[in-house]
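# Geometric and topological summary
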Amino acid sequence: MSKTFFGIQVVVKNFVSDPLRKQLHEVIARSDAEQSLVEKRAFWKRATAVLNEAIPAFEYGFWDLIRGSGAEEEFESWSSEIEGNLATEKEELGNAPDEISRISAEKRYIVVTLIFLVEGDSNSDRTLVERCDVPESEYWTRLTLGRLIATIPLLNFANVEADAIYLAPGSEEDGFSLEDLHGGGYEYLKMLL
Amino acid sequence: MTVPEARRPFSRKAFLDDDEVVGARWWQESVRLSATPVSRRRALQALAVLGGSAVVFGIVAAFTDADRHVDISMDSLELQKREGWNVGQEGAALRFPGSSGVDADGNADWEQTLPLLASDLSPAQAALKPYYVPTLFQALESPSGATLRGELKPLLPPDGREDTLRGEAILSLFRAVDMPKDTALILDLEGPTSIAVAATLASGFEPVFTFDNWPHPLGVVPSHLTLASAVFYRPVFLKARGQRPANAPAVFVLDRNRLAHYTDEDGQFDNRYVAKLPTAENLRSLGIRHLLYVTPGKNDLRELDDLNDDFVEFAKRSIDVKVLPLSDLDAPATPSRAAPATGYYYGGHPHTHLWFWSNYGWYTPRPYARVPSGPAAPALPPPSPPAQISRGASYRPVERPTIFSSRSLGVGSGVGKQRPSGFGRVSVRASASTGRISSVRPGRSGSFGRAGGGRSSG
């Protein structure tokens, strides 16, 4: 059966005093292992509401919609890479950056990733197609990313086969620097206007 | 449509909460397990086994021409985007009764602006743009939009004057309380009326249009009239954009014909749709705490079915929703009705106008607030409330089963506005081998026996 992958990744400038990370962490940590459709929608409404507040702080981002062939592989690729490859050793934390993985101590940025695998030609698929139909000149704007994030609670989760949310780094004492984001596999990120 | 089999179908397959990443991943196995491929080839095989007709995920309806075609129920908008706005009825005319051929400014060169309508009517405020649904206006930009642009004419709604006066009445009520930013309006009126009222409000409220379909010559939703009204009032909206404050409160503009009665007949094209409004979280993030839901008349004192889940959720999240029927705004009774009314008022009289705030209770009007087309109103409302007004101020959302609530689909309440099976869909006949659509039947029953092959896409 045809499937559709939808993924959003945003890099948010987050200062220690900002509540975003804490709020998002709580939303994820308190999520239920088993969720009904009602609970699933409520979960995403909470998560996207937190992100919505942070739209002005979105600095970089990326999103993609893949319909049909390759959708499932893309979901697997995003999830496995994030779950498996965000290796940060304990000793990296603190003020002294690791020269390889954290080349600056200016740890202002966090990366939030939302991914979905939905049934092709379903209500959710059509909603995504419609909302992702933006002019190319507007692909990489905060407004577009915000609009796409706002689409998530509109999905009919009966059609969603898989979904995931990630917040990195996980430690509230850590963050990515600009130098981290300009290398180390994040080159695909686009600066948001 | 897939109906989940389990009450809590999402099962978490990964949970991470360490220094590297915080995250969770779920799978809904019921979707995966039920996701049998429904390619046309498979569908034909299944139909052959079943001996004539079957329903596979509500898509395949009938086995028609040996092994060459299948009848498919297809999303109407998707079909129009693929085959053209007037699919199956090419050459059929749209009617715009009473059009004078000019827009609200008296200009006859409005045709030049049609491709820009979607961008012209986009909200100015970035925070409101995510909730703008430009689908109807974008019909003019589509590849088939040239023929639609050729047919379209600007249209002043038949009750446009009354709509304008009632819009002015609403605007004056809010100006009397200094246009509070935590209150938004929802106009749920017939499309042309919604446009006309929104045009009047636009000098104080930021319009956010939510028309999510395309017109069709046989459309059960006459959205071509809504589009024509938008073309007529476009200059008003553009002027108002420069007049209102940059942070003006929002007015969400809906067409209540979106749920028009449909009987699945050959003479109707099902271009209905469900409303899309911001969620409670979205509204709260916009700072909205009060919603005034504007309906046509005193018999419309509750929200339409597709909004019930939303409104109940709003109430749970302490967003107060009240109803204002337009009919509560009326002209003063005069001995002679020959002269047109110059002002409409809540309760039908200038002295009862600001009583609105006594009934709705959100704010207190400032002293000497002006009422439409009248002198300064008295600082205090009259001692008795106006007669002949609705009970819209005491409205409270109450959850009820509707065809749009998830409960009626057997998957629990509160999921949101799921489209019922068959809603907004039409029957098409497609080639089994290429997928090319060979004919369209306006109804969705799946039988082409009476349609005779409405069109050929070549």
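Above this note sits the structure.
The structure contained in this document is the topic of the report that follows. These figures come from a predicted structure and were not determined experimentally.

## Overview of the environment of Asp-255 of chain B
You can see Asp-255 of chain B is positioned in strand β7 (residues 250-255). Leave out the neighbours within four places in its chain, and Asp-255 of chain B touches Glu-190, Gly-191, Ser-194, Phe-211, Ser-223 and Thr-226 of chain B.

## A closer look at the packing of helix α8 (residues 191-201) of chain B against helix α9 (residues 223-243) of chain B
Residues and elements named next belong to chain B. Their axes nearest at 8 Å, the elements α8 and α9 cross at an angle of 10 degrees. Compared by their axis directions, α8 and α9 come out roughly parallel. Between α8, through Gly-191, Pro-192, Ile-195, Ala-196 and Ala-199, and α9, the contact on the second element is made entirely by Ser-223, Leu-225, Thr-226, Ser-229, Ala-230, Tyr-233, Val-236 and Phe-237. Considering only residue class, the contact of α8 with α9 consists of nine nonpolar, four polar and no charged.

## Focus on the nonpolar core
Counting 88 residues, the largest nonpolar core has Leu-187 and Val-251 of chain B as the members making the most contacts within it. Excluding residues within four positions of it along the chain, Leu-187 of chain B makes contact with Ser-194, Val-197, Ala-198, Val-251, Val-253, Leu-254 and Val-294 of chain B. The next biggest cluster of nonpolar side chains, apart from the first, holds 57 residues, and it includes Ile-8, Ala-54 and Tyr-109 of chain A together with Val-21 of chain B.

## Considering α9 of chain B
All names here are of chain B. Here α9 contains 21 residues, and its C-alpha end-to-end distance of 28 Å stays within 8% of the 30 Å for a straight helix at 1.5 Å per residue. The largest bend in α9 is about 55 degrees, located at Tyr-233, with the proline Pro-235 one to four residues further on. Most of α9 sits out of view: 15 of its 21 residues are buried.

## Re the sheet that holds strand β2 (residues 34-35) of chain A
Pairing in this open sheet of eight strands is antiparallel, and the strands run β2(A)-β1(B)-β2(B)-β5(A)-β4(A)-β1(A)-β3(A)-β6(A) from one edge to the other. With one partner strand each, in any of the chains shown, β2 and β6 (190-191) of chain A form the two edges of the open sheet. Across nine bridges, the pairing between strand β1 (residues 3-13) of chain A and strand β3 (residues 58-67) of chain A is antiparallel. Note on β3 of chain A: the bridge partner recorded for Val-12 of chain A is Phe-58 of chain A.

Rules behind the numbers
Residues numbered from 1 in each chain as written. Chains lettered and ligands numbered in written order. Predicted model: local features only at pLDDT ≥ 70, side-chain atom pairs only at ≥ 80, totals over all residues. Helix = DSSP H or I, 4+ residues; strand = E, 2+ residues; numbered from the N terminus. Contact = placed C-beta atoms within 7 Å. Axes fitted to C-alpha atoms, helices over the stretch in contact; angles between N-to-C directions. Parallel < 35°, antiparallel > 145°, perpendicular 65-115°, else oblique. Nonpolar A, V, L, I, M, F, W, Y, C, P; charged D, E, K, R; others polar. Core = buried A, V, L, I, M, F, W, Y, C linked by C-beta atoms within 7 Å. Buried ≥ 20, exposed ≤ 12 C-beta atoms within 10 Å, placed from the backbone. Expected span 1.5 Å × (residues − 1). Bend = angle between axes of the 7 residues up to and from the residue. Pairing = 2+ DSSP bridges.

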